[in-house]
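Residue-level structure breakdown
Listed below, chain by chain, are the residues.
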Amino acid sequence: MSSTTLLRTLQTGHVGLNVTDLARSIDFYRAVLGLQVTHEGTDPERRFALLGRDGRLVVTLWQQSAGTFATTSPGLHHLSFEVESLDEVRAAERLLRELGAEFAYDGVVPHNEGSASGGVFFTDPDGIRLEIYTRTGVDGTEAEAPTTDAPTCGFF
């Protein structure tokens with residue numbers, strides 16, 4: 001029996017992220033993504049927060065790491081969030097700039113040269129690579145893809 005027979009309605013569920021400072025990360029993800037804390041574990045040995053939106057769990061944060069996100073180790077490459085319009089991407093970019101986020105590229109960029117889809121690529125307070133993108137509208141801008149031989153979301 002193949003897995004496609006067993007898994008008829010497969011979709012991504014929540015994503016769990018290790019963070020160094022739970023309060024700082026809660027503030028960041030609430031501000032940027034509009035998430036609400038649905039549950040928080042405050043035991044000093046097991047601090048975590050479940051963050052959701054519209055009744056759906058989106059991100060879990062686990063305060064159980066030190067240092068910054070290591071792009072040279074196996075694991076998460078980047079986490080992407082889709083929005084409906086280019087205006088929303090631009091609004092997120094403005095907010096991220098106000099928060100002092102670090103960007104991989106300057107401004108809204110297409111996923112590939114001439115692509116209608118694209119977004120902003122940035123890091124959270126622990127250096128985790130994130131993307132907020134839209135499927136359409138980027139091809140009507142003056143933006144160029146920052147790399148020509150790989151997708152922009154490669155963070156190359």
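Use the structure listed above.
Here's what I pulled together on the structure shown here. Source: prediction; values computed, not measured.

Where a protein is soluble and globular, its nonpolar side chains tend to be buried together. Within the largest apolar cluster, 28 residues are counted, with the highest numbers of intra-cluster contacts made by Leu 17, Tyr 29, Leu 61, Phe 122, Leu 130 and Ile 132. Counting only elements with at least two residues in this core, the list comes to strand E1 (15-19), helix H2 (22-33), strand E3 (48-53), strand E4 (56-63), strand E5 (79-82), helix H3 (86-99), strand E7 (118-123) and strand E8 (129-134). Sort the elements by how many residues they give to this core and H2 lands first, with 6 residues. When residues no more than four places from it in sequence are discounted, the contact partners of Ile 132 are Val 32, Leu 33, Phe 81, Val 83, Val 89, Ala 92, Gly 118, Gly 119, Val 120 and Phe 122.

Below, the discussion takes up the sheet that holds strand E2 (residues 36-41). Within the open sheet, the 4 strands sit side by side as E1-E4-E3-E2. Their pairing is mixed. The open sheet has two free edges, formed respectively by E1 and E2, since each of these has just one partner strand. Sheet twist, expressed as the average angle between the axes of neighbouring strands with direction ignored, equals 20 degrees. Taken together, the 6 bridges between E3 and E4 define a ladder with antiparallel strand orientation. If you follow Arg 53 over to E4, its bridge partner there is Arg 56. Sheet strands in contact with H2 are E1, E2, E3 and E4, and its direction is about 5 degrees off that of E3.

Another aspect to go through is the packing of aromatic side chains. Scanning all chains against the criterion turns up 5 aromatic pairs. Relative to Tyr 29, the ring of Phe 28 has its centre 5.3 Å away and its plane inclined at 80 degrees; by these criteria the two rings are edge-to-face. With respect to class, Phe 28 is no different from Tyr 29; both count as buried. Every member of this aromatic cluster is reached through a ring pair, and the members are Tyr 105, Phe 121 and Phe 155.

Below, the discussion takes up the pairing of E1. Residues in a regular strand point their side chains to alternate faces of the sheet. Along E1, the buried face is formed by Val 15, Leu 17 and Val 19; none of Gly 16 and Asn 18, which line the opposite face, is buried. Where E1 meets E4, 5 bridges bridge the pair, whose relative direction is parallel. When the sheet's bridge partners are listed, Val 19 is paired in E4 with Gln 63.

Moving on: the sheet that holds strand E6 (residues 109-110). Here 4 strands make up an open sheet; going across it, the order is E5-E8-E7-E6 and the pairing mixed. Whereas interior strands pair on both sides, the edge strands pair on one side only; in this sheet they are E5 and E6. Examined bridge by bridge, E6 and E7 share 2 bridges and lie antiparallel to one another. Counted as the bridge partner of Pro 110 is Gly 118 from E7.

Before going further, it helps to spend a moment on the pattern of salt bridges. Tallied over the entire structure, the rule returns 5 salt bridges. A salt bridge links Glu 93 to Arg 97, with the nearest nitrogen and oxygen atoms 3.0 Å apart. Of this pair, Glu 93 and Arg 97 are both found in helix H3, 4 residues apart, which corresponds to roughly one turn of the helix. We classify Glu 93 as buried; its relative accessible area is 12%. Look at Arg 97 and you get partly exposed, because its relative accessible area is 41%. Beyond isolated ion pairs, a larger network of salt bridges with shared partners links Glu 93, Arg 97 and Asp 106.

Reading the values: the criteria
- Residues numbered from 1 in each chain as written.
- Predicted model: local features only at pLDDT ≥ 70, side-chain atom pairs only at ≥ 80, totals over all residues.
- Heavy atoms only, no water.
- Core = buried A, V, L, I, M, F, W, Y, C linked by side-chain atoms within 4.5 Å.
- Buried < 20%, exposed > 50% of the residue type's maximum accessible area, 1.4 Å probe, protein only.
- Helix = DSSP H or I, 4+ residues; strand = E, 2+ residues; numbered from the N terminus.
- Contact = heavy atoms within 4.5 Å.
- Pairing = 2+ DSSP bridges.
- Axes fitted to C-alpha atoms, helices over the stretch in contact; angles between N-to-C directions.
- Phe/Tyr/Trp six-rings, centres within 6.5 Å; stacked < 30°, edge-to-face > 60°.
- Salt bridge = Lys/Arg side-chain N within 4 Å of Asp/Glu carboxyl O.

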